[in-house]
Amino acid sequence: MLHSIEIIRDPSKGAYSADVVIDLVGIETSLINAKIVIAYRCTGDFVDVPVIRNRELHTVFSCGAVSSGSVIGYGKYTGAPVAALLENKIVIIGRPFHIYLKRPTRLLEELRDVAAANLLLGSECAKKKIMELIIGERKAKRLSRSVQFLELALRSRDTSAIPSFIAEIFYECNVTKEDDVFSVIDQVLSDLYP
Amino acid sequence: MGTPFSPSGVVSTVRKYRPVGMERYIDEITTAIRTALRGGENVLIVIIAPYGWGKSELLDELANTLEGFEVVRTVLVPGKISLIEKIQSRKDVLKPFLLLVDEADEITRIVELQKLGALNNDELREMLLGVGREIRAILEPRSHLDLLGSADKARNVVLVMAVTPQLYYTVLKNMLPDIFDIARGRVYREIKLDERVPLWLFHEMVKSRARAYGEEKLFTFSDISTVYHIAVRMERNPSPRLLVKLMYKLYQYKKYGNGILDLVKEPDVSDLVKGRDNPLLPHVIAGIPVPTIPDGYNDHFQRVAVVKVPFDDREALRALNEARLRYGLPPLPTRDVYDVSFAPFDYYTLVHDGSVYLYVALPEVPSELKQFFDHVAYIPNKTLLKSVFADDDKRDLVEHVVRHVTARFESADVHELVEDLVDISGARVPLPQGKATVQNRQDIRLGLVTLHVINEHDLRSAVSTISSIVDGGTIADMPVDSVIIFLLSSTVLSSVLEEKAAPLLQKRWKAVYKDPAHVFVKLFCYGADKMERLRDSIIFNELRRVYGDENPYSEHSQTAKDVISDVATHIEAVRRTLYKYTLAIKRSKEGKATLLRRIASAWLQGSCTDQPHLWCDEGGRPSLSLVEESFYEYLAAIDAHITHKTLEREIARLYPVHLWRDFKEDDLINLMVLRGLLVPCGPKTYKSFPHSGDCAKRFLESVIAEVRSLESISIEVNTPLGVIRLSERVPLEIGDVPVAISSPKELSSTLISLMEKRDIAIKLHEEKKRELTAIGKNMAELAVKVKGLEKFRRLARIREAIQSHLDRREYGNALSLLKREADIADRVNETIRLFHNYKYDLDMDEGELHEDLEAILSLTEPLNLIDVYIRDLKLIAEELRTDRISHFESLRKEAEEVEAMVRWVRRRLGIDVKPDKKALLKLISEKARKMGIDAHLMIAIAKLGYNTGIDIDRLVTELGMPRSAVMAQLERLAEMGVVEKKYVA
């Protein structure tokens, strides 16, 4: 759950570690340890309503495009990529309207929903998708080749052994750390064989 | 025994005298009879005269005069009509038979009775038919032989009927027109007796009668003139019967009484003569100048010279009249001897040796009349006259009028007098040789011109004046429709004037009209020979005006009346002719321009319109009106540019424009342009078609250009966002218009079709313009609202967007854009309003709001978001307000607690402390430790304040301590006196 908000006006001050960090000065995102980073890095080209996974945000507006991470939000009118999932953080390029900072209940509510929908990504997401894949294979051929590959990879602790169509799922769900990958595979396999 | 005069005024059975003055009628009748008898025809002669005017006497005289006739006299009595019987009882068929019918008055009476209802129609009809049948039988014996019996007896019959005018004109002529109509009926001759009995005639009558009865000496001239004088005062033109009755009375008084002195006491006469007892009466009553007057009465009389002038001496008469005018006396008539009679104390007439002489009283003997001087006499002065006679004497006025007129004639300055004569008034202008008056009523513009000519040079100058009036139709630049010209000269003969001036009137009037000038110009030529006649006309006309209906000189005013009626006839004729030169159109809703075009296009197509007939020829086919035709003919001769003003002036000069209905000079010009007869050639300048050159082409091109100019519409609207330009093109089909023109009709048809196109174009143009204006107005209204966005960058973008819509003529899009922006502007205003409401609750500055709004407004479709923003602004503000209120509440509560603690510490512990929460808590905690009491409990009690009841249960829950412990501690505190027993803080 999101509770705290930190607004960075001065780069030399602050802990950069509230649930939501509003960066008005342009700190390197990787330095910030938050669930959601709203970075006011406007290019001046446009202002748009961010739509993240079909949800329109009203408390925040976007004013620039994300440059890295997997895109999860687009501008309503421009279609520009305005929000991304990066290092398990949701990064939105834009700024909340001042009024919502005066009493951030609504801002937090909205961001909470966004976070709930998107931070599922990662291990949970990957696990779910791989399970679906395997169940699909089993239904079709009574035997899943993916399970064999995963068992092999887990035994050898070698990520290169993971076939590309599964690697893609990990990438999609932004599970990139080796430990995380193997923990997901472990969970999947143990769930498959209760 | 008989008397020369009878009381009833008619002659008794035996007559001893012959009537006087009947000679000319006798002559006329006998000539007529002899002429008729030579042809072997039976004739009917009718003698017409009023009652008592001598009809019967004339018949008597006729019977006496005609020799070799078998004469029978009879009376027309209804029921006893027996003309045929009289013929049948004829004695000698070889002698011509003269049948005299008198007293037809009976029939008049019967007609009157019938009118009153005393008789029925049948009887009257029967009687009239009977009369008619008998007369016709006599006049046409061949076809009525059965009635007449013998054809022989009906040969050589002369029927003479004496009737009154009322019977003749009202009954006989109407009921028996086959007989009594002089033109178509069988009556051969109508003889109307002169109704006048002048003094000289009366005098002769009296003398003749008296002589017949051997009483010649009984009446003096003075007696006769007295009777006449009285009669004249009774009726202006005394009838014979009145004269005879008066004469009979005088005869009686002369024989058996005091003569004239008794006569003036007669009832009818005494009203007229009030000075009956005046001793001078005998010298006055005769109304003639008297040779002697009683001594001592000189003051009452005026000495005059009486001249005796024979009526037949025209030259002497002329000299007499000239002299009379000099003395201020009206001229005496000179034409008919019956016109001269008698005027009281002025003149009288007598017959000597068969000639009539005038005896005229003049103040002195003029040198030219010396040989006519007769004697010196006296006439009564005005005072005496007034004391004797009852009626007013207008002699003064007459004198004045006559003097005035004569003087004017002498100085050849008669224009104003002629004005009065022909009854024209208006603006007077001088002319060479004379004067003119132009009357400008809402009728014919009438001019009166008088020109005086003395010598040849004058005559030439007058002729040229007349000529210029005839050609130009103006007098001193004032247009006239008709002119009455009096060409006057006291040296040149009328015939010479006439000869010189009349040919001018054969020219065309105003050189344009189809009719010759004499239709519009009435010329009166009064040369030396007729000048006096004009003068007399004017004098008597003036007198007529002075006296009104009671004009004693009415018999003299005939010449004036002739002039007046000539003028009236002339004006009537002018009016009739001028009517042809009037134009009119029926008014309609369409407006005049359309009507004119309809007339022109009807002319082109040869079909008639519902307009007045003047736009068509006799055959009912559309044609040029007489005005256009003549005006075009006139213009076609002019090869020059003619301005609009000049054309208008010329039309007003030439035609009676003020008589035109709903048609003005301007309309005529426009119509002629439409017909191709006049071609616009430059601004407000025209040329007639034959001389127009390439004007027609240029004109058509300018009209085409005008139509084309209607193709595009552009309007500008001033809005807070700046000037908005809206433009549109009207789809027009002008097509190829031939501009090379060879005839007026061609020009006309091209022009009219162009104008129709122009009408359509104007309609479309205006429709579009209305649309655009409505859009523009709408935009302007919306722009006022949109202007509310001026602090935001959005406005610039909107401006651009609108402009690009306008550039592409997408006015609908521009409008909907403005509408949306106006909505947005409304929301922004609402936001700002709310912001100012909640400014302190929000703790937000305007810059921040502006940043937010700017961001929202940067969106293409900000409406949704702005609505959310407004909603949240309100909610957040309300929430913040609530938060702050609760914060203040807690602060207030804390302060109350501190206050309570201070009070408690001071009273219960006896320590004076400051209201500092920390220090207090510390102090109380220390005291509690010293007393061995739980600090929290002590603080809780302190917070209750001094002398407040302690709720033990509450303390138990608040402190989370067991009840017994709380009770024990309270017990201890009570012992120490810090709380009271039953536990009050």
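Just so it is clear, the model here is predicted, and its values are computed rather than measured.

> For this particular structure, what's the right way to read the overall build of chain B?
Tallying secondary structure elements over chain B gives 37 helices and 22 strands in all. Taken against the 2.2 N^0.38 rule, which gives 30 Å for 985 residues, the C-alpha radius of gyration of chain B at 61 Å runs more than 25% over that of a compact globule. Its C-alpha atoms give chain B principal-axis dimensions of roughly 195 × 85 × 75 Å. When burial is assessed residue by residue, chain B has 50% of its 985 residues classed as buried. Sequence separation of 24 or more characterises 69% of the internal contacts of chain B that already satisfy a separation of 6 or more. Total accessible area on chain B is roughly 47,500 Å²; 50% of this is exposed by carbon and sulfur atoms.

> I'm lost on the domain arrangement of chain A in this one. Help?
Often, the extent of an interface is quoted as the loss of accessible area upon association of its parts. For chain A, the assigned domains read domain 1 (5–118) and domain 2 (123–192). Inter-centroid distance (C-alpha atoms) of domain 1 of chain A to domain 2 of chain A is 31 Å.

> Help me understand the domain arrangement of chain B, please; the structure alone is not making it clear to me.
Taken domain by domain, chain B consists of domain 1 (40–192), domain 2 (398–580), domain 3 (582–693) and domain 4 (888–976). With centres defined by C-alpha atoms, the gap from domain 1 of chain B to domain 3 of chain B works out at 66 Å.

> Please clarify how the sheet that holds strand E19 (residues 678–680) of chain B should be interpreted in this entry.
The strands that make up a sheet are held in pairs by hydrogen bonds between backbone atoms, and each pair lies either parallel or antiparallel. Residues and elements named next belong to chain B. Strand order across the open sheet formed by three strands is E18-E20-E19, with antiparallel pairing between neighbours. The open sheet is flanked by strand E18 (642–643) and E19, the only strands paired with a single partner. As paired strands, E19 and strand E20 (residues 685–688) are joined by three bridges and run antiparallel to one another. Across the sheet, the residue bridging to Pro 680 is Tyr 686, located in E20.

> Quick question: what am I supposed to make of the interface of chain A and chain B here?
The partner chain B presents 22 residues to the 17 residues of chain A that form the contact. Where chain A abuts chain B, roughly 1,900 Å² becomes buried across the two surfaces, and 62% of that area is made up of carbon and sulfur atoms. Contact with chain B buries surface across chain A, with Ile 99, Lys 102 and Arg 103 of chain A losing the most and accounting together for 34% of the total. Linking chain A to chain B there are seven salt bridges. Across the pair Asp 872 of chain B and Arg 106 of chain A runs a salt bridge, and its minimum N-O distance is 3.6 Å. Here chain A and chain B share 10 residue pairs in polar contact (both at pLDDT 80 or more) between them. For the side of chain A that touches chain B, the elements supplying multiple residues, two or more each, are helix H1 (98–102) and helix H2 (105–118) of chain A. The element best represented in the side of chain A that touches chain B is H1 of chain A, accounting for four residues.

> How should the side chain of Glu 854 of chain B be read in this particular structure?
Residue and element names in this part refer to chain B. On the secondary structure map, Glu 854 appears in helix H32 (residues 846–857). For the buried Glu 854, which has no salt bridge, the nearest side chain bearing the opposite charge is Arg 793, at an N-O separation of 4.1 Å. Residues within four places of Glu 854 in sequence aside, it is in contact with Lys 791, Phe 792, Arg 793 and Arg 794.

> Would you mind going over the pattern of salt bridges with me for this structure?
Side chains bearing opposite charge may pair, as long as their charged atoms lie close to each other. Residue and element names in this part refer to chain B. Applying the stated rule across the entire model yields 64 salt bridges over all chains. Where Glu 590 meets Arg 598, a salt bridge forms, and the shortest distance between an N and an O atom there is 2.7 Å. Relative accessible area serves as the criterion here: at 42%, Glu 590 is assigned to the partly exposed category. You can call Arg 598 partly exposed: its relative accessible area is 30%.

> Sorry if this is basic, but what is going on with the sheet that holds strand E11 (residues 427–431) of chain B here?
Residues and elements named next belong to chain B. The five strands are arranged E11-E12-E13-E16-E17 in an open sheet whose pairing can be described as mixed. Unpaired on one side and paired on the other, E11 and strand E17 (521–526) mark the two borders of the sheet. Taken over all neighbouring pairs, the strand axes of this sheet differ in orientation by 15° on average, direction set aside. The sheet contacts of helix H21 (residues 531–547) involve strand E16 (482–489) and E17, and relative to E16 the element is tilted by about 120°. Running at roughly 160° to E17, helix H22 (residues 558–578) makes contact with strand E13 (446–453), E16 and E17 of the sheet.

> Teacher, can you tell me more about helix H19 (residues 456–472) of chain B here?
The α-helix winds at 3.6 residues per turn, so residues separated by three or four positions along the chain end up facing the same way. All names here are of chain B. Across its 17 residues, H19 extends 24 Å between first and last C-alpha, which sits within 8% of the 24 Å expected from 1.5 Å per residue. Every buried residue of H19 is accounted for by Asp 458, Leu 459, Ser 461, Ala 462, Val 463, Thr 465, Ile 466, Ser 467, Ile 469, Val 470 and Gly 472. Taking the backbone nitrogen of His 457 as reference, a side-chain oxygen 3.2 Å away marks Asn 455 as the first, capping residue of H19. The first or second residue beyond H19 is Gly 473, which carries a positive phi of 70°.

> What should I look at first to understand a negative patch on the surface in this one?
Residues and elements named next belong to chain A. Together, Asp 158, Glu 178, Asp 179 and Asp 180 give the surface a local cluster of negative charge. Note on placement: Glu 178 falls in helix H6 (residues 178–192). For Glu 178, a relative accessible area of 45% puts it in the partly exposed group.

Criteria and cut-off values
- Residues numbered from 1 in each chain as written.
- Chains lettered and ligands numbered in written order.
- Predicted model: local features only at pLDDT ≥ 70, side-chain atom pairs only at ≥ 80, totals over all residues.
- Heavy atoms only, no water.
- Helix = DSSP H or I, 4+ residues; strand = E, 2+ residues; numbered from the N terminus.
- Rg over C-alpha atoms; globule rule 2.2 N^0.38 Å.
- Buried < 20%, exposed > 50% of the residue type's maximum accessible area, 1.4 Å probe, protein only.
- Contact = heavy atoms within 4.5 Å.
- Areas by Shrake-Rupley, 256 points an atom, 1.4 Å probe, with all protein chains shown as cover.
- Domains from an automatic or database assignment.
- Pairing = 2+ DSSP bridges.
- Buried area = accessible area lost by both parts, 1.4 Å probe.
- Salt bridge = Lys/Arg side-chain N within 4 Å of Asp/Glu carboxyl O.
- Polar contact = N/O pair within 3.5 Å; in protein donor to acceptor, adjacent residues only side chain to side chain.
- Lys, Arg positive; Asp, Glu negative; His and termini not counted.
- Axes fitted to C-alpha atoms, helices over the stretch in contact; angles between N-to-C directions.
- Expected span 1.5 Å × (residues − 1).
- Patch = residues over 30% accessible without salt bridge, like charges linked within 9 Å, V, L, I, M, F, W, Y side chains within 5 Å.
- Charge placed at Lys NZ, Arg CZ, Asp CG, Glu CD.

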